[in-house]
Amino acid sequence: MTNNEKKPNKFWFLVGMSLKRKIKTKWFLLANILIFAAIACALNIDHLIEAFGGDFNEKETIYVIDQTDMNTYEIFEQQLQLTNTTLQTEDQSKVLEESRAETEEQVESDYIVEEFTEGLEKAEELAEEDDKVYVIVFEEDEENIIKTTLISKDYLGTTDSQVINQAINSTKMAVAIANSNIPVSELEKIYSEAEVERVILSDDKTPQAEGTSMIMSTVFPVVILPFFMLTLFLVQMIGAEVNDEKTTRGMEIIISNVSPKQHFFSKMIAGNAFILIQGALLIIYAILGVVIRVLLGGGNPLGGMGNSFGGVLDALTVSGILDKLIYIIPLTLILMIVTFVAYSLLAGILASMTTNIEDFQQLQTPIMIISLVGYYLAILANVFGGSIFIKILGFVPLISAILAPSLLVIGQFGIFEVVIAIILVIITNFLLIHYGLRIYKVGILNYSSEGLWKKMLKALRGK
Amino acid sequence: MLKVEGITKYYGDFLAVDHLSFEVKPGEIFGLLGVNGAGKTTTFRMIMGLLEPSDGRITLNGKPIDYSVTDEIGFLTEERSLLTKLTVREQCIYYGTLKGMNKELIETRLKELLERFEIPEYIDKPIKQLSKGNQQKVQFITAIINEPKLLILDEPFSGLDPFNVELFKQEIKRMSEAGSMIIFSSHRMEHVELFCKKLVIMLHGKPVIEGYLQDIKEQFRKKNIFLKADIDIDLLKKIDGVVSIEERADEYEIKIRDNEVVDQVFSVVAKKGKHVTKFVVEEPSLNEIFVAKVGEEYDK
């Protein structure tokens, strides 16, 4: 070999090789095709359900035989419409009023209500022919004001039963109030919603943000769900590679040419680069899923789910939380990246100690459980608002990547606390590098599990 | 020159290598022999810089072995050290680059070596699809792709058929003639005998025999006489100094205590033997020396 040739950079070669070994495989391609298919299906689930068909979209017809002299049919029709609308917009009950009002206007009733005058026998015949036809008979009753008979061919679904029964009860109440000769102006007051003026004494908090934080506490854990998936990819990738090199004894050749330190960092950088690529691909898949939705939904990206998503987006805009994303997103990203580094360092250290992939898989389980704990705590954070225990865990490295941003979103953490969480992860990374590298140096050339902990403790002490 | 000076290695309280010293000059093939667990692999790892000796030092051309000189070393491990999911080309580029070679040079060398080892058609095949013998060839190619100044071969003929052993032998000789220092380890003594002028035999981490092969054989007093003749074997057995007589297909192998016994045996054969067609005195084989010496020490 001649010496005057330009020598390659071994470290970056190792990084590239490691990345190539993961990405340039048919399994990576297959896994990504499946992930894309899953994301696209999830984002278009309503179109998918509709494509397969079924009678879920057909409207129910309710024939009302009103045998009272109290305009019960008209009252029932109004109450049914009101109840149906309320249930459909239930998810947005905490959304601002103006947004809710707009939403209610857009809601189309699931029922066709008609007054039936051709007699009970004919109505029953119609109900028997079609299980989407119900018959309601209103009669006057001295004790209970009105007596109602509900006729259907089959059992009623849960929602139908809830809507119809609630509408009948409201009708009965309305008829009773009407019969009590209360003036119209008083009736309007009775029916109008109670006004609640919300006062929050903290200067930096607004009533609008209160409702939004409740929504975000549910939405945010879903948004950070991919973090889990990527953590899992990261830990497994590093573990599998280190074990592959160890079990084939290729490690001896590699370590005789590059230092364990270089090898360790190359795995860490390649692992993190891989999950950043995978993360970017997930975002692209989500965008493509939305594009498919636009194409299927005739230009509306929200399609059939528009009411729910639209309401949430409106609420976020009005409350001003979108402005806060300017610091929430960068802080979350920084915390996640430094935590990915921590996971990769830990995975590398643990993988160096094991002698085969089965041992590593057992050893990685506690890491994944720690991550899962963080996720559940992020969901529970709003339920146990102000919990000191959850706040303390929000600073704990590995868990903090999910928990701290969730606490930030619901207002239990400020920027300062998240910065502290980031600093703590960085300190952990430094310690993992400093002490973990000692274990790694010994571990990667150790092929026996005999006296393993003794060897590792000795390595940790730097002996 | 590779200089190993009094290296000792402890694993905890266990003494793996005990004051081992030897030198390998350019063009020399040095044999490092021993039974399993004798300390060979530990010695190789110390030479490769993978392990720090507890005591003593190792230098290559006067420099301690560290990452500044490992580009000039080739290492063939006893176990397969190939990443079997990679193709032959990828594997060679991987290890070649780690030896500081650029891709073009690796490709050129790889094609040349694949031709020489008669497997050019496997260049883009995944290693896991190759036979054990061909995997060994690829492993050997990765060890010599950088034309190392120091080549360490731990059981290089493992898994090879006689035809491929010949290919390997030719390549090892070629490298030796080109000036490479080669350290060779094998359980097959006939291979070691064929290549190595100098050797050390280790047992329990200690050298039990060391030096030039010729000197070792000369120092080993026992000789063998190969005899083809019609003779009463009992007459030979009575000679003081005859250790054993083994009857082969058409000849006798007479093991004698030392050179002085040769004259007595010859005298009896000359007087009593008929149709004498062969009387050859030979040095003992390395295998005999190994078994005798290691056996002696093993029993201690």
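Residues numbered from 1 in each chain as written. Chains lettered and ligands numbered in written order. Predicted model: local features only at pLDDT ≥ 70, side-chain atom pairs only at ≥ 80, totals over all residues.

Here we take up the overall build of chain B. Looking only at helices and strands, chain B features 10 helices and 14 strands. Taken along the three principal axes of its C-alpha coordinates, chain B extends 75 × 45 × 30 Å. Out of the 300 residues in chain B, the part that is buried amounts to 38%. Within chain B, contacts between residues at least 6 apart in sequence are counted, and of these 68% link residues at least 24 apart. (Helix = DSSP H or I, 4+ residues; strand = E, 2+ residues; numbered from the N terminus. Buried ≥ 20, exposed ≤ 12 C-beta atoms within 10 Å, placed from the backbone. Contact = placed C-beta atoms within 7 Å.)

A count of helices and strands for chain A gives 19 helices and 4 strands. Here chain A holds 463 residues, and 33% of them are scored as buried. Residue pairs in contact within chain A that sit at least 24 positions apart in sequence constitute 77% of those at least 6 positions apart.

This paragraph deals with the interface of chain A and chain B. If you look at the interface, chain A gives 22 residues, while chain B gives 24 residues. When contributions to the side of chain A that touches chain B are tallied by element, the ones reaching two or more residues are α1 (10-23), α10 (225-247) and α11 (250-255) of chain A. The element contributing the most residues to the side of chain A that touches chain B is α11 of chain A, with 5 residues. Class assignment for the residues of the side of chain A that touches chain B results in 9 nonpolar, 5 polar and 8 charged. (Nonpolar A, V, L, I, M, F, W, Y, C, P; charged D, E, K, R; others polar.)

Residues and elements named next belong to chain B. For strand β8 (residues 181-185), the buried fraction is high: 5 of the 5 residues fall into the buried class. Relative to β8, strand β3 (residues 29-34) is paired through 3 bridges, and the arrangement is parallel. Looking across to β8, one finds that Phe30 is bridged to Ile183. Pairing geometry for strand β7 (residues 150-154) and β8, over 5 bridges, is parallel. (Pairing = 2+ DSSP bridges.)

All right, on to helix α15 (residues 357-380) of chain A then. Residue and element names in this part refer to chain A. In a regular helix each residue adds 1.5 Å, so 24 residues correspond to 34 Å; α15 covers 34 Å between its end C-alpha atoms and thus fits that length. Helix geometry: α15 is bent most strongly at Gln364, by close to 30 degrees, with proline Pro366 lying one to four residues after it. Among all positions in α15, only Phe360, Gln364, Ser371, Gly374, Leu377 and Ala378 are buried. (Expected span 1.5 Å × (residues − 1). Bend = angle between axes of the 7 residues up to and from the residue.)

Among the nonpolar cores identified, the biggest contains 125 residues, and Leu335 of chain A together with Phe30, Ile152, Ile182 and Phe184 of chain B are the most heavily contacted of them. Looking at this core, the element that brings in the most residues is helix α14 (residues 321-353) of chain A, giving 14 residues. Counting residues in each nonpolar core, the second largest holds 21 residues, with Ile75, Phe76, Ile146 and Ala167 of chain A among its members. (Core = buried A, V, L, I, M, F, W, Y, C linked by C-beta atoms within 7 Å.)

As a further point, take the sheet that holds β7 of chain B. All names here are of chain B. The strand order β6-β7-β8-β3-β9-β10 describes an open sheet built from 6 strands, whose pairing is mixed. Two strands bound the open sheet, and with one partner strand each, they are β6 (73-76) and β10 (206-212). The average undirected angle you get between the axes of adjacent strands in this sheet is 15 degrees. Packed on one face of the sheet, helix α4 (residues 132-144) meets β6 and β7 and runs near 165 degrees to β6. Of the strands in this sheet, β3, β7 and β8 are in contact with helix α5 (residues 162-177), which crosses β8 at around 145 degrees. (Axes fitted to C-alpha atoms, helices over the stretch in contact; angles between N-to-C directions.)

Looking now at the sheet that holds strand β11 (residues 223-230) of chain B. Residue and element names in this part refer to chain B. The strand order across the open sheet formed by 4 strands is β12-β13-β11-β14, and the pairing between neighbours is antiparallel. On the outer flanks of this sheet lie β12 (242-247) and β14 (274-282), each paired with one strand and no other. For this sheet, the mean inter-axis angle between neighbouring strands, taken without regard to orientation, is 20 degrees.

Residues and elements named next belong to chain A. Spanning 22 residues, helix α7 (residues 158-179) covers 32 Å between terminal C-alpha atoms, matching the ideal 32 Å at 1.5 Å per step. Along α7, the residues that are buried comprise Val163, Ile164, Ala167, Ile168, Thr171, Lys172, Ala174 and Val175. Summarising the axial view, the buried residues of α7 lie within an arc of 165 degrees, below the 170-degree limit, and thus occupy one face. In this structure, α7 carries Thr158 and Thr159 as exposed residues pointing more than 90 degrees from its buried face. (Arc of directions from axis to C-beta.)

Residues and elements named next belong to chain B. Along the polypeptide, Asp13 turns up in the loop between β1 (2-11) and β2 (14-24). Overall, Asp13 belongs to the exposed group, with 5 C-beta atoms counted inside 10 Å. In sequence terms Asp13 and Ile233 are 220 residues apart; their C-alpha atoms lie 53 Å from each other.

Quick look at the packing of helix α18 (residues 415-443) of chain A against helix α19 (residues 452-460) of chain A now. Residues and elements named next belong to chain A. Packing of α18 against α19 leaves a shortest axis separation of 8 Å and a crossing angle of 130 degrees. Considering the angle they form, α18 stands oblique to α19. Remark: the crossing between α18 and α19 carries right-handed chirality. For the pair α18 and α19, the contacting residues are Tyr435, Arg438, Ile439, Lys441, Val442 and Gly443 in the first and Lys455, Met456, Ala459 and Leu460 in the second. Residue composition of the contact of α18 with α19, grouped by class: 6 nonpolar, 1 polar and 3 charged. (Parallel < 35°, antiparallel > 145°, perpendicular 65-115°, else oblique. Left-handed = near helix turned anticlockwise from the far one by under 90°.)

This part covers the domain arrangement of chain B. Under the domain assignment used here, chain B contains domain 1 (2-217) and domain 2 (221-282). Of note, the centres of domain 1 of chain B and domain 2 of chain B, computed from C-alpha atoms alone, are 41 Å apart. (Domains from an automatic or database assignment.)

Residue and element names in this part refer to chain A. With 83% of its residues at a pLDDT of 70 or more, chain A shows a mean pLDDT of 82. Across chain A, the element-wise mean pLDDT spans from 50 in helix α5 (residues 97-106) up to 93 in α18. Low pLDDT, under 50, characterises residues 91-100; the stretch is placed with 19 contacts to residues that sit more than four places away or in other chains. (pLDDT = per-residue confidence, 0-100.)

With that settled, the discussion passes to the packing of helix α2 (residues 88-98) of chain B against α4 of chain B. All names here are of chain B. Closest axis-to-axis distance for the α2/α4 pair is 9 Å, and the angle between their directions is 30 degrees. Regarding the angle of α2 to α4, the classification is roughly parallel. As α2 runs across α4, the sense of the crossing is right-handed. Only Val138, Ile141 and Thr142 of α4 make contact with α2, whose side of the interface consists of Val88, Gln91, Cys92 and Tyr95. Considered class by class, the residues forming the contact of α2 with α4 number 5 nonpolar, 2 polar and no charged.

Further remarks concern the environment of Phe75 of chain B. Mapping Phe75 of chain B onto the fold places it in strand β6. Along the backbone, Phe75 of chain B and Ile152 of chain B are 77 residues apart, and their C-alpha atoms lie at a distance of 4.8 Å.

For the rest of this paragraph, the subject is unusual backbone geometry. Residues and elements named next belong to chain B. The backbone of His19 shows a phi angle near 45 degrees, a positive value even though the residue is not glycine. Tracing the sequence through the fold places His19 in strand β2. Residue His19 is classed as partly exposed on the basis of its C-beta count, with 14 C-beta atoms lying within 10 Å. Unusually for a residue other than glycine, Glu147 sits at a positive phi of about 45 degrees. Within the secondary structure layout, Glu147 lies in the loop between α4 and β7.

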